[in-house]
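Structure at a glance
Listed below are the residues making up each chain.
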Amino acid sequence: MEDAFKFEESQNGLCTEEEYPYLASDNSECSTDCTKVPHSQVKDYIDITEGDKHGLIASIVMQPTSIAMDAGSLSFQFYSTGVFTDDSCGANGAIDHGVLAVGYGVDEDSGHKYFKVKNSWGNGWGEGGYFRIKRDSPNEFGTCAVLAYMTAPLVV
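Since the model is a prediction, treat every value here as computed from it, not as a measurement. (Residues numbered from 1 in each chain as written. Predicted model: local features only at pLDDT ≥ 70, side-chain atom pairs only at ≥ 80, totals over all residues. Heavy atoms only, no water.)

Quick notes on the overall build of the protein
Along the protein, the regular secondary structure elements total three helices and seven strands. The secondary structure elements of the protein, listed N-terminal to C-terminal, are α-β-α-β-α-β-β-β-β-β. The C-alpha radius of gyration computed for the protein amounts to 16 Å, which stays within 12% of the reference 15 Å derived for 156 residues, consistent with globular compactness. Here the protein holds 156 residues, and 40% of them are scored as buried. (Helix = DSSP H or I, 4+ residues; strand = E, 2+ residues; numbered from the N terminus. Rg over C-alpha atoms; globule rule 2.2 N^0.38 Å. Buried < 20%, exposed > 50% of the residue type's maximum accessible area, 1.4 Å probe, protein only.)

As structure tokens, this is what we get:
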């Protein structure tokens with residue numbers, strides 16, 4: 001995530017998704033020829049202390065926040081709806097996937113407090129490309145280790 005922020009610092013702003021869609025392909029070249037989104041230039045970035053659930057919430061209040069997680073469990077890969085609650089996911093603190101924390105709340109049906117996260121696996125996965133993952137976990141770094149590595153860009 002930090003490498004992406006460093007690259008963007010040199011590009012003076014982000015392209016619109018309409019002009020530069022995510023293709024999920026390793027064979028495409030980066031493009032910098034686009035209309036820049038106002039107020040999207042990364043000036044710097046900050047790392048949130050690992051395990052700091054309240055630090056992540058405070059960051060999300062300001063803007064979407066990049067987080068890493070363990071996405072290797074089948075229970076996560078086959079997630080479809082609701083609050084993901086499998087504490088075996090990320091129990092050892094391993095991370096292997098970058099995602100974007102965009103919100104938080106409390107599920108009316110289950111009462112679980114959750115983080116709302118945007119995944120990169122397309123709109124057909126999860127809840128329109130998003131998932132909700134419970135905030136309270138016995139794991140040191142939370143469910144699926146979402147509190148292990150968190151970074152927020154500072155934009156101008």
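Examining helix α2 (residues 53–62)
Turning to α2, its buried residues are G55, L56, I57, S59 and I60. The N-terminus of α2 is capped by D52, whose side-chain oxygen sits 3.3 Å from the backbone nitrogen of H54. (Polar contact = N/O pair within 3.5 Å; in protein donor to acceptor, adjacent residues only side chain to side chain.)

Describing the layout of surface pockets
Size it by volume and the largest pocket reaches roughly 1,900 Å³. Elements represented by at least two residues in the lining of the largest pocket include exactly α1 (2–9), β2 (65–69), β4 (97–106) and β7 (150–155). Residues that form the lining of the largest pocket fall into these classes: 21 nonpolar, 19 polar and six charged. (1 Å grid on protein atoms, 1.4 Å probe; cavity = no way out; pocket = protein on both sides within 12 Å on 5 of 7 lines; lining within 4 Å. Points joined across faces, edges and corners; volume = space filled by probe spheres on them. Nonpolar A, V, L, I, M, F, W, Y, C, P; charged D, E, K, R; others polar.)

Some remarks on the environment of E19
The topology assignment puts E19 in the loop between α1 and β1 (42–48). When its relative accessible area of 42% is taken as the criterion, E19 is described as partly exposed. In this structure the C-alpha to C-alpha distance between E19 and C144, which are 125 residues apart in sequence, comes to 33 Å. Contacts of E19, omitting those with residues within four sequence positions, involve C34 and T35. A polar atom in the side chain of E19 sits 3.1 Å from the side chain of T35. (Contact = heavy atoms within 4.5 Å.)

Considerations on the pairing of β2
For a regular strand, side chains alternate in direction, first toward one face of the sheet and then toward the other. Of all five residues making up β2, five are buried, and the element is well covered by its neighbours. Burial of the side chains of β2 extends over both faces: T65, I67 and M69 are buried on one face and S66 and A68 on the other. As paired elements, β2 and β4 share five bridges and run antiparallel to each other. Counterpart to T65 in the pairing with β4 is A101. Bridging between β2 and β7 involves two bridges; their strand directions are antiparallel. Bridging across to β7, I67 finds its partner in M150. (Pairing = 2+ DSSP bridges.)

Quick word on a nonpolar patch on the surface
Judged by side-chain polarity, V61, M62 and Y104 come together as a nonpolar surface patch covering roughly 350 Å² of accessible area. Checked against the element boundaries, M62 lands in helix α2. Of the residues examined, M62 reaches a relative accessible area of 68% and is grouped as exposed. (Patch = residues over 30% accessible without salt bridge, like charges linked within 9 Å, V, L, I, M, F, W, Y side chains within 5 Å. Areas by Shrake-Rupley, 256 points an atom, 1.4 Å probe, with all protein chains shown as cover. Salt bridge = Lys/Arg side-chain N within 4 Å of Asp/Glu carboxyl O.)

A look at unusual backbone geometry
Despite not being glycine, N12 shows a phi value in the positive range, around 60°. On the secondary structure map, N12 appears in the loop between α1 and β1. Non-glycine residue A145 carries a positive phi angle of around 60°.

Observations regarding α1
All of the buried residues in α1 are E2, F5 and E8. Buried residues of α1, viewed axially, fall in a sector of 125°; they line one side. For α1, the secondary structure elements touched by its buried residues are β1, β2 and β7. (Arc of directions from axis to C-beta.)

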